[in-house]
Amino acid sequence: MEYSLKVVGYDPKSNTLQVKLDEKLNVERLNTYYLGDLSNVQGNLTLSDPRSSTPKQKALYWALLNDIYEKFGNGSESTHERFKEKYFSKYGLKISTKNNAETSVEEMNNLIELVIDFMFEWGVPFKKGYELLPRDESYFYYLCLKHRKCCICGQHADVCHVDVVGSGRNRKSIDHGEFRFYAGCRTHHQEEHTIGTNNFLNKYKITPIKLNEDDRKKLRIGG
Ligand SMILES: [Zn+2]
């Protein structure tokens, strides 16, 4: 049974939450489930992110679907349906991009990430969606590292790290947590060495990212 609700009170001492359901509780059905004993009713509670998704996110989403359409020729609507299904199987939740839908920023980002993952996996070039890509946001760089695609040109990439280890430090004890990473193809990595790291990062407006131990494990980086 699923209900929408409003939280009306919380007592931190007993960690007890009071909620008001938007519709009447179906006691009859609960009695059927619990054989008449309602002293031990259990369930999950999902509290939603009130910041609803932005028009910019939606524009990016549809632009990316259009890029996929250009590569495979499936209509954007049917592609949209596929991603909604993917989203459901990953998160167990339905998502809607309709204007009046209560989709949060976080949920919309999760949906966009599924699309970007798909595009990297299937080598779909970013065209319409390219300018809208959140290059200033670290998850774009994270995904480039994850898929080993150059964050500049999309070619096969290696993991590159910037921030030189200071002199006098023991090289054996390099802490990978101090590096910032980006994914760069051979050509672009070579260019970094030719023109210097700072010039290179400025030229392509790259923001390398720090990765914590969990991320590095997931991305199979370093040791
Ligand atoms: Zn490249």
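It should be noted that the structure appears before, not after, this text.
No experiment lies behind these values; they were computed from the predicted model shown.

### Re the coordination of the zinc ion
Taken together, the protein ligands of the zinc ion are Cys-150 (SG), Cys-153 (SG), Cys-185 (SG) and His-188 (ND1), with distances of 2.0 to 2.3 Å. In this structure, the zinc ion is surrounded by four donor atoms whose angles at the metal cover 100 to 117 degrees, and the resulting shape is tetrahedral. Positions of the donor residues of the zinc ion, expressed as sequence spacing, correspond to C-x2-C-x31-C-x2-H. Here His-188 lies in helix 6 (residues 186-195) and Cys-153 lies in the loop between helix 5 (138-147) and strand 3 (158-162), a separation of 35 residues in the sequence.

### Quick look at the pattern of salt bridges
Scanning all chains against the criterion turns up three salt bridges. With a shortest N-O distance of 3.2 Å, Lys-146 and Asp-117 are connected by a salt bridge. Highlighted residues: Lys-146 in helix 5 and Asp-117 in helix 4 (residues 105-121), separated in sequence by 29 residues. Looking at Lys-146, the relative accessible area reads 35%, which means it is partly exposed. Of the charged contacts in the structure, one is a salt bridge between Glu-191 and Lys-203, with a shortest N-O distance of 2.6 Å. Within this pair, whereas Glu-191 is found in helix 6, its partner Lys-203 is found in helix 7 (residues 197-204), the two being separated by 12 residues in sequence. On the basis of relative accessible area, Glu-191 is assigned to the buried category, the value being 17%.

What counts as what
- Residues numbered from 1 in each chain as written.
- Predicted model: local features only at pLDDT ≥ 70, side-chain atom pairs only at ≥ 80, totals over all residues.
- Heavy atoms only, no water.
- Donors = N, O, S within 2.8 Å, 3.2 Å for Na, K, Ca; no water.
- Tetrahedral: all angles 85-135°; square planar, octahedral: opposite > 155°, others 65-115°.
- Helix = DSSP H or I, 4+ residues; strand = E, 2+ residues; numbered from the N terminus.
- Salt bridge = Lys/Arg side-chain N within 4 Å of Asp/Glu carboxyl O.
- Buried < 20%, exposed > 50% of the residue type's maximum accessible area, 1.4 Å probe, protein only.

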